[in-house]
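Notes for the structure review
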Amino acid sequence: MTKFPKNFYWGGATAANQCEGAYNEGGKGLTSSDVTTAGTHTEPRKVTYRMPDGTAGGASFFGGVVPKEAKRAILEGVYYPSHEAIDFYHRYKEDIALFAEMGFKMFRMSIAWSRIFPKGIEETPNQAGLDFYRSVFEELKKYNIEPLVTISHYDTPLYLEEELGGWNNRDAIAYFDRYTETIFNEYKGLVKYWLTFNEINTAVMVKDLIPNYPKSRVAQSAQVLHYQMVASARAVKRAHEINPDYVVGCMIAGGPSQYPLTCDPKDVLYTQKNLQDNYFYASDTMIRGAYPYFAKRFWDEFNITLDITDQDKKDLLEGKVDMLTFSYYSTSCKTTHTDFETTGGNFSMGAKNPYLTYSQWGWSLDPDGLRYCLNEYAGRYPGLPMMVVENGLGAVDVLEEDGTVHDPYRIEYLRAHIQAMSEALEDGVNLIGYTSWGCIDLISASTGEMKKRYGYIYVDKNNDGSGTLNRYKKDSFYWYKKVIATNGEDLN
Ligand code: BGP
């Protein structure tokens, strides 16, 4: 078996809105997660709102529309998972000590923009927010754990979205400029690795992920993505000006993780086009600094006329990222045929692959797909360093009377994916890190559940918000500790 590189970054990943809680402490402003209820994999989460006459409502998190005259709002008596989440805000020292015990070299986390600029538009940052992340970074430094910081992980301040249209408005770029300038200056010496937008390509990928997504909304999504990519490029430039040692990456949801369902050439072409529009459209632009050749056809097809200036083009070109990172959970199949079985619950995960097995949430288990993605990316972007910054198995765990949690299914999943990375390294890819998702149990992004657990650390909290919040080490905790200690050589 191939040796992982000597300084390989083993670790785990989280996001502020899924783990911090303390949604209204320390001067934090609201974000859209704070007005999003819990759901299940068949019952969508709801975004709650109030109409001008005071009546309340909820729109599906998956493509639902909040009426124009409504304001998104917290409703009394409704449970919002982000409000307490797993209370990382108050327990980060205990959690980081556990990460250190496992031997983490890297911890991926995000900064909640609304802790630094509560409405997103203030002239000066919120000191309590800056202090909180400083303490977290200092705690990580104590254990020599390198932070990998996502600047925007599904977490735009609600005020900015409600009052100014969020990323539908070009002005968001300037507000993001101020936010990134602040944190790049503030955390010099504490942070080296940054990711701009989590899973940035989902802005356009939703057209295929959400069943019956209206074609007419794709133009707006492409515009959002454009503003975000420009904001990201400007952040890359600024980061390098502030500290030439900063390494800034893009973060793409998945990758070439789709196969044609059949060998019908029509399925092959259909899959290729899907990969271009949903993945490479974003990664090519951020890595190569300009929209790829196939963008024009995508724009024509969806009647997209982008608001794009010469300055935007200059920024994209000058703000190319230093590395590619992506999330990888599963693969799906694409077909032009109509007689196929679907999968994915709330999500439309395409056609079911007869050669794979599926998780309880309808996600395929496909470690070979990870090796495939890494190779495809390596071929497309030769030499560019890569990290797999999300990967894992969402599963139901049982906390035993004696405080143990036996999760062989998780170990099996992770082992197979680490083996796949090792094969990819042998193939020659430049992979420098792996932060598995939800290293400590946290709120599921797609369903708002607690019971969809990814962690090495069990958090005693239930779907309805009850529980002690105590932390317990799962069997996978000890297993991952050994994996890291042997630099990936002992996977048993
Ligand atoms: C990614 C998100 C994460 C995370 C993960 C797992 O799309 O970047 O925030 O939650 O998916 O998804 P889920 O929580 O829905 O199981």
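Residues numbered from 1 in each chain as written. Predicted model: local features only at pLDDT ≥ 70, side-chain atom pairs only at ≥ 80, totals over all residues. Heavy atoms only, no water.

Observations concerning the site of the ligand
Formally: For this purpose, a residue is taken to be near a molecule or strand whenever a single non-hydrogen atom of the residue falls within 4 Å of it. Any pair of N or O atoms that falls within 3.5 Å is considered a polar contact. Within protein, one atom must be able to donate a hydrogen and the other to accept it, and sequence-neighbouring residues count only if both atoms are side-chain atoms. All accessibility values rest on the Shrake-Rupley procedure with a 1.4 Å probe; residue burial counts only the protein chains present in the view. The classification used treats Ala, Val, Leu, Ile, Met, Phe, Trp, Tyr, Cys and Pro as nonpolar, Asp, Glu, Lys and Arg as charged, and all other residues, Gly among them, as polar.
In the region of the ligand, 14 residues are neighbours, and Gln18, Glu199, Ala445, Ser446 and Tyr454 sit closest. Residue alanine 445 places a main-chain N or O atom 2.7 Å away from an oxygen atom belonging to the ligand. Within the side chain of serine 446, an N or O atom sits 2.4 Å from an oxygen atom of the ligand. Alone, the ligand offers 380 Å² of accessible surface; in the complex the protein occludes 93% of this. Classifying every residue of the shell around the ligand by side-chain character gives 6 nonpolar, 5 polar and 3 charged.

With respect to the domain arrangement of the protein chain
Using the following cut-off: All the domain ranges listed were derived from an automatic or database domain assignment. Working rule for contacts: check all heavy atoms of both residues, and any pair within 4.5 Å makes them a contact. Values labelled buried area give the accessible surface lost by two parts on being combined, using a 1.4 Å probe and summing over both. Only one rule defines a salt bridge in this text: a Lys or Arg side-chain nitrogen within 4 Å of an Asp or Glu carboxyl oxygen.
Domain assignment breaks the protein chain into domain 1 (9–34 + 82–485) and domain 2 (39–78). The C-alpha-based centres of domain 1 and domain 2 are spaced at 25 Å. With 22 residues of domain 1 at the contact, the number on the domain 2 side is 16 residues. Across the domain 1/domain 2 interface, buried area totals approximately 1500 Å², and carbon plus sulfur atoms make up 51% of it. Linking domain 1 with domain 2 are 3 salt bridges, by the criterion used here. As a salt-bridge pair, arginine 72 and glutamate 162 come within 2.6 Å of each other at their nearest N and O atoms. Looking at the side of domain 1 that touches domain 2 residue by residue, the class counts come to 7 nonpolar, 9 polar and 6 charged.

Some details on the sheet that holds strand β14 (residues 386–390)
Stated formally: Here a strand pair is declared whenever DSSP counts at least two bridges between the two strands. Runs of H or I in DSSP of at least four residues are treated as helices and runs of E of at least two as strands, each being numbered from the N terminus. Helix axes use the C-alpha atoms of the stretch in contact, all axes being lines fitted to C-alpha atoms, and the angles between their N-to-C directions lie in the range 0 to 180 degrees.
The sheet built from 8 strands closes into a barrel, its strands ordered β1-β5-β6-β7-β8-β10-β14-β15 with parallel pairing. Adjacent strand axes in the sheet meet at a mean angle of 25 degrees when their direction is disregarded.

A look at the packing of aromatic side chains
Here is the rule: In summary, the pairing rule links any two rings of Phe, Tyr or Trp, Trp by its six-membered ring, whose centres are within 6.5 Å, and it sorts them by plane angle into stacked for under 30 degrees, edge-to-face for over 60 and tilted for everything else. For every residue, the accessible area obtained with a 1.4 Å probe (protein chains only) is divided by the maximum for its type, and the residue is called buried under 20%, exposed over 50%, and partly exposed between those limits. For a lysine, the NZ atom is tested; for an arginine, the CZ atom; a charge sits over a ring if that atom is within 6 Å of the ring centre and within 35 degrees of the ring normal.
The final tally for this structure, using the stated rule, is 41 aromatic pairs. For the ring pair tryptophan 113 and phenylalanine 176, a centre distance of 5.5 Å and an interplane angle of 75 degrees mean the geometry is edge-to-face. Here tryptophan 113 is found in helix α3 (residues 113–116), whereas its partner phenylalanine 176 is found in helix α6 (residues 171–186), with 63 residues between them in sequence. You can call tryptophan 113 buried: its relative accessible area is 1%. Judged by its relative accessible area of 0%, phenylalanine 176 falls in the buried class. Look at tryptophan 194 and tyrosine 246: their rings are 5.5 Å apart centre to centre, the planes differ by 80 degrees, and that puts the pair in the edge-to-face class. Highlighted residues: tryptophan 194 in strand β7 (residues 193–197) and tyrosine 246 in the loop between α8 (218–242) and β8 (247–253), separated in sequence by 52 residues. A cation over an aromatic ring shows up here: lysine 352 above the ring of tyrosine 358, its NZ or CZ 5.1 Å from the ring centre.

Notes on the pairing of strand β5 (residues 106–110)
Of all the 5 residues making up β5, 5 are buried; the element is thus mostly covered by neighbouring parts of the structure. The alternating pattern of β5 places Met106, Arg108 and Ser110 and Phe107 and Met109 on opposite faces, both of which are buried. Inspection of the sheet shows strand β1 (residues 9–13) paired to β5 by 3 bridges, in the parallel sense. Each residue of the ladder has a partner; that of alanine 13, found in β5, is arginine 108. Note: β5 against strand β6 (residues 146–152), 5 bridges, orientation parallel.

Digging into the packing of α6 against α8
Quick note on the threshold: Working definition: roughly parallel below 35 degrees, roughly antiparallel above 145 degrees, roughly perpendicular at 65 to 115 degrees, and oblique for all remaining angles. Take the far helix as your reference; a near helix turned counterclockwise from it by less than a right angle gives a left-handed crossing, and one turned clockwise gives a right-handed crossing.
At their nearest, the axes of α6 and α8 sit 9 Å apart, and the two run at 30 degrees to each other. Viewed along their axes, α6 and α8 adopt a mutual orientation that is roughly parallel. Taken as a pair, α6 and α8 cross one another with a handedness that is right-handed. Seen from α6, the contacting residues are Ile173, Phe176, Asp177, Thr180, Glu181, Phe184 and Asn185; seen from α8, they are Tyr227, Val230, Ala231, Arg234, Ala235, Arg238, Ala239 and Ile242.

Quick notes on unusual backbone geometry
At alanine 85, a residue that is not glycine, the phi angle is positive and equals roughly 45 degrees. Here alanine 85 lies in the loop between β4 (71–72) and α2 (88–102). Relative accessible area serves as the criterion here: at 0%, alanine 85 is assigned to the buried category.

What about the sheet that holds β4?
Taken together, 3 strands build an open sheet; the order of strands is β3-β2-β4 and the sheet is antiparallel. Only two strands of the sheet have a single partner each, and these edge strands are β3 (56–60) and β4. Here 5 bridges tie strand β2 (residues 46–50) to β3, and the two strands are oriented antiparallel to one another. Note that in β3 the partner of lysine 46 across the bridge is serine 60.

Quick notes on the side chain of threonine 36
Along the chain, threonine 36 turns up in the loop between α1 (16–19) and β2. At a separation of 2.7 Å, a polar atom in the side chain of threonine 36 contacts the main-chain carbonyl oxygen of serine 32. In contact with threonine 36, other than residues within four places in its own chain, are Arg45, Lys46, Val47, Phe61, Tyr80 and Pro81.

Details of the pairing of β2
Between β2 and β3, which pair antiparallel one after the other, the connecting turn spans 5 residues, and glycine 54 there sits at a positive phi close to 95 degrees. The pairing of β2 with β4 spans 2 bridges and is antiparallel. Note that in β4 the partner of tyrosine 49 across the bridge is arginine 72.

Considerations on helix α7 (residues 202–209)
Burial of α7 is extensive: 6 of the 8 residues sit out of reach of the surface. Along α7, the residues that are buried comprise Thr202, Ala203, Val204, Met205, Lys207 and Leu209. Residues of α7 that are buried make contact with α8, β8, α9 (265–288) and α10 (295–301).

Some remarks on α2
Test applied: Expected helix span is given by 1.5 Å per residue-to-residue step, counting one fewer step than there are residues. At any given residue, the bend is defined as the angle formed between two axes, one fitted to the seven residues that end at that position and one fitted to the seven that begin there.
End to end, α2 covers just 18 Å across 15 residues, shorter than the expected 21 Å (1.5 Å per residue, more than 12% under). Along its length, α2 shows its largest kink, about 40 degrees, at glutamate 94. Within the sequence span of α2, burial applies to Phe88, Tyr89, Tyr92, Asp95, Ile96, Leu98, Phe99 and Met102. In the segment just after α2, glycine 103 is the residue with positive phi, at about 95 degrees.

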